[in-house]
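# Results of the structural survey
In case you want the letters, here they are:
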Amino acid sequence: MARRTVGTAGGRGTTAVRGARRPQLRLPPLEPYEGGGGLEPDGDYDALDFRDTDLTGQDGAGARFMDCALTGCALDEASLPRARLLDTVLTGVRGVGTNLAEATLRDVELLDARLGGTQLHGAVLERVLVRGGKIDCLNLRRARLKDVVFESCVLVEPDFGGARLERVEFVDCALKQADLSAATLTDIDLRGAAPLELSRGVDRLSGAVISPAQLLDLAPVLAAELGVRVLAEG
């Protein structure tokens, strides 16, 4: 198993929000993945190096990936519902329509990904770092996120509807047209999100920390939520 140390994000000084714990992974020596027959449902994949592997359309429902590295892999329409990704690093993966519904991601790093329409509804994410890259239309409805960091990435129309977020940080991250409807937020640090755009769920911001500048940017949607009309004098 990967040797792991978990630390607390620091460098912010005294703050009212608890920082997320980040995964810090050191993978063991890996064997090249040689799965000529493709992924298998409920398969076990331990200490394997998936390098430039085309997983397009493959069925790995319920599979377990432990101490693995996926680098430059194609994940278009890959079916991985209820999969478990543990102590695993994904670098430069790409794909549209990847299905990870009800999956478990624990101690995972997702680096420089280019993904669209990824399904993670009902998933559990714990100690996950998403750094770099761009993810469009990420579906995290009713998911549970704990100790998750989005850093230096672009999230376009992410859907957190009904999700539970605890100790989640957005660091130098673009958050565009996010849906927070019915979400529950605890110790969520949005100060590093620029821009910070909410399409729905501004009423769910209780439990989040934002900056004074972000408060001004959100003033129109906050006023609309409260039913306040803002008119110039005279």
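Going by the structure above, here's the rest.
What this report covers is the structure whose coordinates are included nearby. None of the values given here were measured: they were computed from a predicted structure. (Residues numbered from 1 in each chain as written. Predicted model: local features only at pLDDT ≥ 70, side-chain atom pairs only at ≥ 80, totals over all residues. Heavy atoms only, no water.)

## Some points on the pairing of strand 8 (residues 84-91)
The element strand 8 is extensively covered by neighbouring structure, given that six of its eight residues are classed as buried. Strand direction decides the pairing type here: strand 6 (residues 64-66) and strand 8, joined by three bridges, are parallel. The residue bridging Met66 from the neighbouring strand is Leu86, located in strand 8. Looking at chain direction, strand 7 (residues 69-71) and strand 8 are connected through three bridges and run parallel. Following the sheet pairing, Leu70 is matched in strand 8 by Leu90. Pairing between strand 8 and strand 10 (residues 104-116): seven bridges, direction parallel. Along strand 10, the bridge assignment pairs Leu90 with Leu110. (Buried < 20%, exposed > 50% of the residue type's maximum accessible area, 1.4 Å probe, protein only. Helix = DSSP H or I, 4+ residues; strand = E, 2+ residues; numbered from the N terminus. Pairing = 2+ DSSP bridges.)

## Describing the nonpolar core
Formed by 58 residues in total, the largest nonpolar core has its most connected members in Tyr45, Phe50, Phe65, Val93, Leu145, Phe150 and Phe170. For this core, the element with the most residues is strand 10, which contributes five residues. Here Phe65 is in contact with Leu39, Tyr45, Phe50, Leu80, Arg84, Leu85, Leu86 and Thr88, once residues within four sequence places are set aside. (Core = buried A, V, L, I, M, F, W, Y, C linked by side-chain atoms within 4.5 Å. Contact = heavy atoms within 4.5 Å.)

## Quick notes on the side chain of Asn139
Tracing the sequence through the fold places Asn139 in the loop between strand 11 (124-136) and strand 12 (144-151). Setting aside anything within four residues of it in sequence, one finds Asn139 in contact with Thr118, Gln119, Leu120, His121 and Asp159.

## Side note on a nonpolar patch on the surface
A cluster of nonpolar side chains, Leu226, Val228 and Val230, forms an exposed patch at the surface whose accessible area comes to about 330 Å². Tracing the chain through its elements places Leu226 in helix 1 (residues 212-226). (Patch = residues over 30% accessible without salt bridge, like charges linked within 9 Å, V, L, I, M, F, W, Y side chains within 5 Å. Areas by Shrake-Rupley, 256 points an atom, 1.4 Å probe, with all protein chains shown as cover. Salt bridge = Lys/Arg side-chain N within 4 Å of Asp/Glu carboxyl O.)

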